[in-house]
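Here is what each chain is made of, one letter per residue.
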2 protein chains.
Amino acid sequence: MEGRRAGRPRTIDPDAVSLVALRLFDDLGFDNVSMDDVAAAAGVSRRSLFRLFPAKGTMVWGGLAEFTERFRAALAAADAEAPTNEALRVAYRVAATFPPAVVEVTRHRLRVIRANPSLASTGAEHGPELRNLIGDFIAVREGTEAEALGVVIRSATLAEAATSALFWWAAHSDEPPEDVVDLALRIVLSPDGART
Amino acid sequence: MEGRRAGRPRTIDPDAVSLVALRLFDDLGFDNVSMDDVAAAAGVSRRSLFRLFPAKGTMVWGGLAEFTERFRAALAAADAEAPTNEALRVAYRVAATFPPAVVEVTRHRLRVIRANPSLASTGAEHGPELRNLIGDFIAVREGTEAEALGVVIRSATLAEAATSALFWWAAHSDEPPEDVVDLALRIVLSPDGART
């Protein structure tokens, strides 16, 4: 009914559009790319683009829910005998093992978020969610209160180390992201790493 | 020239107005308090209030620049012989030793920010500034690159531990904030603390 022209695909792949948009944002700067630019580069109509992504910022966020779900599932499946910190490190390795098809888009996503601090508020709910998952895991496993200072501090610093590692990877590294996250958590969790 | 009535003070103390505002925000919720409410409670005109604070959010932030300056000065004065992490912990203790007159307002401030994540973006520049101070300090002291993964991760986690400790203090503790920050950094920096 919408008058498709010959050659235009019937369905638009949001992931493909996101990748085009994030490449543009990363290369040219988020503020320098309009929705019209994205529509033109992705070969979709402005109307279709706005139906998929009601605002430019919504193209930047995405994939984080899957990260959190991998993390949650890995914690639920954690070895009951492993030390708590070891179980958390393994769960972060699982979470940071992005499907190969989304590694590149994830790199662009992280670079764009880092370059545009104002975007961070859009995804601000992800930080507390991960911290709460870690805090609850530690509290249950060690029979402490999730609100205790030690649990809050460990949760916040582990989550921060993993997040910083992912941003570092996006800017500096061609290694697999899960290896960089794993190394970062070893630095935080090992006395030698934390002291040198 | 503005027709002052008898009894109205000639100069308005921004700190006193902030305290009144932050108490209201903390007790009633940031979104439930208008600029008119603040002006009425503080006994100042709407016009004077807007001259001091052009937006409601600007009353929430404040005091952080002084925190950063205390931290910066303490790092500059750090014992050259002390281990890097020890020097950082001492500097954070200095920074978190708020002047007695601002301890209460700082508590309200932190509680309001924590309860309103959308406010966090307003003060988003403070986080990177502290992380960069720490990273540069470590890099100079240890002869490494500030961009190295280990330095970035240590900077980010130390800053996060101190920030989380301050928010925890504001919500849960009647101890001096510098003691809570100090304890949090010991948890992060000591192998026993980080592993239990």
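The rules we used
- Residues numbered from 1 in each chain as written.
- Chains lettered and ligands numbered in written order.
- Predicted model: local features only at pLDDT ≥ 70, side-chain atom pairs only at ≥ 80, totals over all residues.
- Heavy atoms only, no water.
- Helix = DSSP H or I, 4+ residues; strand = E, 2+ residues; numbered from the N terminus.
- Contact = heavy atoms within 4.5 Å.
- Areas by Shrake-Rupley, 256 points an atom, 1.4 Å probe, with all protein chains shown as cover.
- Least-squares fit on C-alpha atoms with pLDDT ≥ 70 in both.
- Axes fitted to C-alpha atoms, helices over the stretch in contact; angles between N-to-C directions.
- Parallel < 35°, antiparallel > 145°, perpendicular 65-115°, else oblique.
- Left-handed = near helix turned anticlockwise from the far one by under 90°.
- Nonpolar A, V, L, I, M, F, W, Y, C, P; charged D, E, K, R; others polar.
- Core = buried A, V, L, I, M, F, W, Y, C linked by side-chain atoms within 4.5 Å.
- Buried < 20%, exposed > 50% of the residue type's maximum accessible area, 1.4 Å probe, protein only.
- Buried area = accessible area lost by both parts, 1.4 Å probe.
- Salt bridge = Lys/Arg side-chain N within 4 Å of Asp/Glu carboxyl O.
- Polar contact = N/O pair within 3.5 Å; in protein donor to acceptor, adjacent residues only side chain to side chain.
- pLDDT = per-residue confidence, 0-100.
- Phe/Tyr/Trp six-rings, centres within 6.5 Å; stacked < 30°, edge-to-face > 60°.
- Lys NZ or Arg CZ within 6 Å of the ring centre and 35° of its normal.

With respect to the overall build of chain A
Along chain A, the regular secondary structure elements total ten helices and zero strands. Order of helices (α) and strands (β) in chain A, N terminus to C terminus: α-α-α-α-α-α-α-α-α-α. Across chain A, every contact between residues at least 6 apart in sequence was considered, and the portion connecting residues at least 24 apart equals 68%. Carbon together with sulfur atoms contributes 55% to the accessible area of chain A, which is approximately 10000 Å² in total.

What to know about the relation of the copies chain B and chain A
Between the two copies, chain B and chain A, the superposition gives an RMSD of 0.0 Å; the rotation angle is 180° and the shift along the axis is 0.0 Å. One copy is carried onto the other by what is essentially a two-fold rotation axis.

Digging into the packing of helix H9 (residues 177–189) of chain A against helix H9 (residues 149–172) of chain B
The N-to-C vectors of H9(A) and H9(B) enclose an angle of 60°; their axes lie 10 Å apart at closest approach. Between H9(A) and H9(B), the interaxial angle falls into the category oblique. Here H9(A) and H9(B) pass one another in a crossing that is right-handed. Residues Val180(A), Leu183(A), Ala184(A), Ile187(A) and Val188(A) of H9(A) form the contact with H9(B), whose own contacting residues are Leu149(B), Gly150(B), Ile153(B), Arg154(B) and Thr157(B). Looking at the contact of H9(A) with H9(B) residue by residue, the classes come out as seven nonpolar, two polar and one charged.

A word on the nonpolar core
Counting residues in hydrophobic clusters, the biggest one holds 57 residues, and the most contacted among them are Phe25(A), Val38(A), Leu49(A), Val60(A), Phe71(A) and Tyr92(A). When residues no more than four places from it in sequence are discounted, the contact partners of Leu49(A) are Val17(A), Met35(A), Val38(A), Ala39(A), Val44(A) and Met59(A). One finds Val17(B), Phe71(B), Leu75(B) and Leu158(B) within the second-largest nonpolar core, a separate group that totals 56 residues.

Focus on the interface of chain B and chain A
Taken together, the contact pairs 31 residues of chain B with 31 residues of chain A. Taken together, the two surfaces of chain B and chain A that pack against each other cover about 2600 Å², and 66% of this comes from carbon and sulfur. Counting every contact that joins chain B to chain A gives zero salt bridges. There are four residue pairs in polar contact (both at pLDDT 80 or more) connecting chain B and chain A. The set of elements that each furnish at least two residues to the side of chain B that touches chain A consists of helix H8 (126–142), H9, helix H10 (177–189) and helix H11 (191–195) of chain B. It is H9(B) that contributes the most residues to the side of chain B that touches chain A, 13 residues altogether. Its residues assigned to classes, the side of chain B that touches chain A comprises 16 nonpolar, nine polar and six charged.

Focus: the side chain of Thr68(B)
Residue and element names in this part refer to chain B. By the element assignment, threonine 68 lies in helix H4 (residues 64–76). The class for threonine 68 is buried, based on a relative accessible area of 2%. Contact partners of threonine 68, with chain neighbours within four places excluded, come to His126, Glu129, Leu130 and Leu133.

Comments concerning the packing of helix H1 (residues 14–28) of chain A against helix H6 (residues 100–115) of chain A
All names here are of chain A. One can describe the packing of H1 onto H6 by two numbers: an axis separation of 9 Å at closest approach and a directional angle of 40°. When the axes of H1 and H6 are compared, the pair comes out oblique. Judged by the sense of rotation from one axis to the other, the crossing of H1 with H6 is left-handed. Here Ser18, Leu19, Leu22, Arg23, Phe25 and Asp26 of H1 come into contact with H6, specifically with Glu104, Val105, His108, Arg109, Arg111 and Val112. Class assignment for the residues of the contact of H1 with H6 results in five nonpolar, two polar and five charged.

Overview of the environment of Arg154(B)
Residue and element names in this part refer to chain B. With respect to the helices, strands and loops of the structure, arginine 154 is situated in helix H9. Relative accessible area serves as the criterion here: at 7%, arginine 154 is assigned to the buried category. In this structure, the C-alpha to C-alpha distance between arginine 154 and alanine 74, residues 80 residues apart in sequence, is 18 Å. A polar side-chain atom of arginine 154 sits 3.0 Å from a polar atom in the side chain of asparagine 85.

Some details on the confidence of the model for chain A
Counting all residues, the mean pLDDT for chain A is 89, and 89% of those residues have values of 70 or more. Interface scoring of the predicted complex returns ipTM 0.86; its pTM is 0.87.

Some points on the environment of Pro177(A)
Residue and element names in this part refer to chain A. Position of proline 177 relative to the elements: it lies in helix H9. Accessibility expressed as a relative area gives 4% for proline 177, which makes it buried. Separated by 79 residues in sequence, proline 177 and phenylalanine 98 place their C-alpha atoms 8.0 Å apart. Discounting residues that sit within four places of it in the chain, proline 177 has contacts with Ala96, Phe98, Leu166 and Trp169.

Some thoughts on the packing of aromatic side chains
Residue and element names in this part refer to chain A. Scanning the entire structure with this criterion turns up eight aromatic pairs over all chains. Their ring planes at 40° and their centres at 4.4 Å tell us that phenylalanine 71 and tyrosine 92 sit as a pair that is tilted. A residue pair is termed long-range when its members are at least 10 positions apart, and phenylalanine 71 in helix H4 (residues 64–76) and tyrosine 92 in helix H5 (residues 84–95) qualify at 21 residues. These aromatic residues form a ring-pair network of at least three members: Phe67, Phe71, Tyr92 and Phe98. In this arrangement the basic side chain of lysine 56 is found over the ring face of phenylalanine 30, its NZ or CZ atom lying 4.3 Å from the centre.

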